[in-house]
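Below, each chain spelled out in residue letters.
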Amino acid sequence: GMIFYSKSPRNIPIEKAIVLQKISENFNINGVGVFVNKNIDELKEIIKTIKLKFIQLHGSEDDSYIKKIKKNGVKIIKSIAISNKSDLYKIDKYNNTDYFLFDYKPLKGELPGGNAKSFDWKILKNLKIDKPWFLSGGINSNNIQQIHDINPCGIDLSSGVEKELGIKDNRIINNFIGTLR
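Attention here is on the structure that accompanies the text. (Residues numbered from 1 in each chain as written. Predicted model: local features only at pLDDT ≥ 70, side-chain atom pairs only at ≥ 80, totals over all residues. Heavy atoms only, no water.)

Moving on to the packing of aromatic side chains. Tallying each qualifying case throughout the model produces five aromatic pairs. Between Phe-4 and Phe-35 the ring centres are 5.0 Å apart and the planes differ by 10 degrees, which places this aromatic pair in the stacked class. Of this pair, Phe-4 sits in strand β1 (residues 2-4) while Phe-35 sits in strand β2 (residues 32-35), and the two are 31 residues apart along the sequence. Taken individually, Phe-4 and Phe-35 each receive the classification buried, so the pair is uniform in this respect. One aromatic cluster is present, formed by Phe-54, Tyr-99 and Phe-134 through successive ring pairs. (Phe/Tyr/Trp six-rings, centres within 6.5 Å; stacked < 30°, edge-to-face > 60°. Helix = DSSP H or I, 4+ residues; strand = E, 2+ residues; numbered from the N terminus. Buried < 20%, exposed > 50% of the residue type's maximum accessible area, 1.4 Å probe, protein only.)

Now the structure itself:
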């Protein structure tokens, strides 16, 4: 994931994202652009410039916004902030999303993602929805075994594999993958 949110310590410039996207394509990996309430015209330009195929939305983007973005040929991952079971009702607001990402619900003043905090993942146990979904929020080697009961389609890692804020560490990533296996 490439973060395009100026308040995030993981924010990257477009030029770096273009390079990362080309490297990813060489490994047959789809890069994901991560955005928070981005102006729709700016977002369309970024999609075209970087040649993104996947967009992750972490703001208050509504289904109309998502429908407009999908016209650019991208798949949409919509983040849903979770603190209790009733937060799952938000799913019904997003008919045009392709995937859901369930993440920790930030407190006032916190970033919309990448806070290294988890919610009670048991909320997702026995979740039955018609779209694939991912788990995010404070996932690391110490808690990854807990996901077996909820069975997400995938996980979104960020802070759990960093050696310091915004800096990923290959050793931590490799240890995480070893723990996961």
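Anyway, onward from the coordinates.
Attention now goes to the environment of Val-34. Structurally, Val-34 is set in strand β2. Since its relative accessible area comes to 8%, Val-34 is described here as buried. With 87 residues separating them in the primary sequence, Val-34 and Trp-121 have C-alpha atoms 22 Å apart. In this structure, Val-34 is in contact with Gly-1, Met-2, Ile-3, Phe-4, Gln-56 and His-58, ignoring residues within four places of it in sequence. (Contact = heavy atoms within 4.5 Å.)

This part covers the sheet that holds β2. Ordered in space as β1-β2-β3-β4-β5-β6-β7, the seven strands form an open sheet in which the pairing is parallel. Each end of this open sheet is capped by a strand with a single partner; those strands are β1 and β7 (154-156). If you compare each strand with its neighbour and ignore which way they point, the axes differ by 25 degrees on average. In terms of strand pairing, strand β4 (residues 75-82) meets strand β5 (residues 99-104) through six bridges, oriented parallel. In the strand pairing of β5, Ala-81 is matched with Asp-103. The strands that helix α2 (residues 40-50) touches are β1, β2 and β3 (54-57); relative to β3, the one it contacts most, it runs at about 145 degrees. Of the strands in this sheet, β3 and β4 are in contact with helix α3 (residues 63-70), which crosses β4 at around 155 degrees. (Pairing = 2+ DSSP bridges. Axes fitted to C-alpha atoms, helices over the stretch in contact; angles between N-to-C directions.)

With that settled, the discussion passes to a positive patch on the surface. On the surface, a cluster of positive charge is made up of Lys-44, Lys-67, Lys-68 and Lys-71. You can see Lys-68 is positioned in helix α3. (Patch = residues over 30% accessible without salt bridge, like charges linked within 9 Å, V, L, I, M, F, W, Y side chains within 5 Å. Areas by Shrake-Rupley, 256 points an atom, 1.4 Å probe, with all protein chains shown as cover. Salt bridge = Lys/Arg side-chain N within 4 Å of Asp/Glu carboxyl O. Lys, Arg positive; Asp, Glu negative; His and termini not counted. Charge placed at Lys NZ, Arg CZ, Asp CG, Glu CD.)

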